[in-house]
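Working through the structure, step by step
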Amino acid sequence: KILITGALGQIGTELTNRLVEIHGAENVIASGLDRWDKKLTSAGFYERMDVSNTQLVRQVCKDYEITTVYHLASLLSGTSERQPQFAWKLNVEPLLNFLELAKEGLIKKVFWPSSIAVFGKGIPKENVGQDVVLNPTTVYGISKMAGEKWCEYYHEKYGVDIRSIRYPGLISWKTPAGGGTTDYAVEIFYEAIEEGKYKSFISENTAMPMLYMDDAINATLQLMDAPSENLTVRSSYNLGGMSFTPKELATEIKKEIPEFEISYEPDFRQAIADSWPASIDDSVAKKDWGLTYDFGITEMTKDMIKNLKVKLGK
Ligand code: VAH
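What this report covers is the structure whose coordinates are included nearby. Source: prediction; values computed, not measured.

A word on the pattern of salt bridges. According to the stated counting rule, one finds 14 salt bridges in the structure shown. A salt bridge links Lys302 to Glu256, with the nearest nitrogen and oxygen atoms 3.3 Å apart. On the criterion of sequence distance, the pair formed by Lys302 in helix 11 (residues 297-311) and Glu256 in helix 8 (residues 246-256) is long-range, its members being 46 residues apart. The partly exposed category is assigned to Lys302, whose relative accessible area is 44%. A salt bridge links Asp288 to Lys287; the shortest N-O distance between them is 3.0 Å. Classification of Lys287 by relative accessible area gives exposed; the value is 62%.

All right, on to the nonpolar core then. Burial of nonpolar side chains together is a common tendency in soluble globular proteins. Ile171, Tyr184 and Phe189 are the most contacted members of the largest nonpolar core, which totals 41 residues. Sorting the residues of this core by element identifies helix 6 (184-194), strand 9 (208-212), strand 11 (242-244), helix 8, helix 9 (269-275) and helix 11 as the ones contributing at least two each. Of the residues forming this core, the biggest block, eight residues, is contributed by helix 6. For Ile171, the contacting residues outside a window of four places in its chain are Gln10, Ala185, Val186, Phe189, Met210, Leu211, Tyr212, Met213, Phe244, Met300 and Met304. Residues Val20, Tyr70, Ala216 and Ala226 belong to the second largest nonpolar core, which totals 34 residues.

Right, let's talk about helix 4 (residues 84-104) for a bit. The end-to-end C-alpha distance of helix 4, which contains 21 residues, comes to 31 Å, matching closely the 30 Å that a straight helix rising 1.5 Å per residue would cover. Within helix 4 the residues assigned to the buried category are Ala87, Leu90, Asn91, Val92, Pro94, Leu95, Asn97, Phe98, Leu99, Leu101 and Ala102. Of the residues one or two after helix 4, Gly105 is the one with positive phi, at around 90°.

Conventions we followed
Residues numbered from 1 in each chain as written. Predicted model: local features only at pLDDT ≥ 70, side-chain atom pairs only at ≥ 80, totals over all residues. Heavy atoms only, no water. Salt bridge = Lys/Arg side-chain N within 4 Å of Asp/Glu carboxyl O. Helix = DSSP H or I, 4+ residues; strand = E, 2+ residues; numbered from the N terminus. Buried < 20%, exposed > 50% of the residue type's maximum accessible area, 1.4 Å probe, protein only. Core = buried A, V, L, I, M, F, W, Y, C linked by side-chain atoms within 4.5 Å. Contact = heavy atoms within 4.5 Å. Expected span 1.5 Å × (residues − 1).

Everything listed here is a matter of coordinates, which is why it stays silent on function.
Below, the structure written as structure tokens:
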């Protein structure tokens, strides 16, 4: 059976639905802190679970005979900067618990999301490689870097089958993102449709690595289905997707909504964005497990606007 933590989140809702399609609802247990909301997930079971409650997590894994865990519960970059100690605790300690459960053999395989936020000062801005020095300057990046090192440690020392991806900014329409620096690229679509204008908290020429959610879910499942012996990275795989600036995204949106206007008012998240790479080299993922992409900025923009118009009743 499969357990997803953070199942009501931006990745969690879509990953849960895809896992149900593949494995059947009776084999998928979704969990989250919030009350279950049926529109968000089609899992056979839902457990209201605080991932910090290690005894409850162990009990749920035992009761449902969980073999694979997608541990997605986390606080994103913006939110984490506002509550550093809590963000560190929540982003790292529950992961350690799942690594322990895997070491004991109670569960067999763990997926954990890292982020391009692990990169920071002192490296080139473009085409950042798999093995560059990690110098995160945000609490979120520090917690993800620490998580990656723990994953590598438990694999090397105890043979735990842990797999991870350094996600770029993720863009989707089904569930609003929560508190990320890249989430201007989600909000902009809602406001373009509802207001015809958007005030971006990231400056116009700040390029960041981005990925459409469909491609992120496909990549996650490709990695999890790959033969373990093919995987040469047990910290976390670079995944670059596409790279664009708010200005470039606004230009794409204008092709669909000609009257759309963008303005810029950078906030505290600009400094976070400035510390991150503009583009990523994900050749190792392509070699090890056949990473591919279906959506570029034009296809993504069309798909976002088409689906959001329906969702927003426009
Ligand atoms: C954030 N969307 O902005 C997340 C992600 C690379 C960015 O980690 O915090």
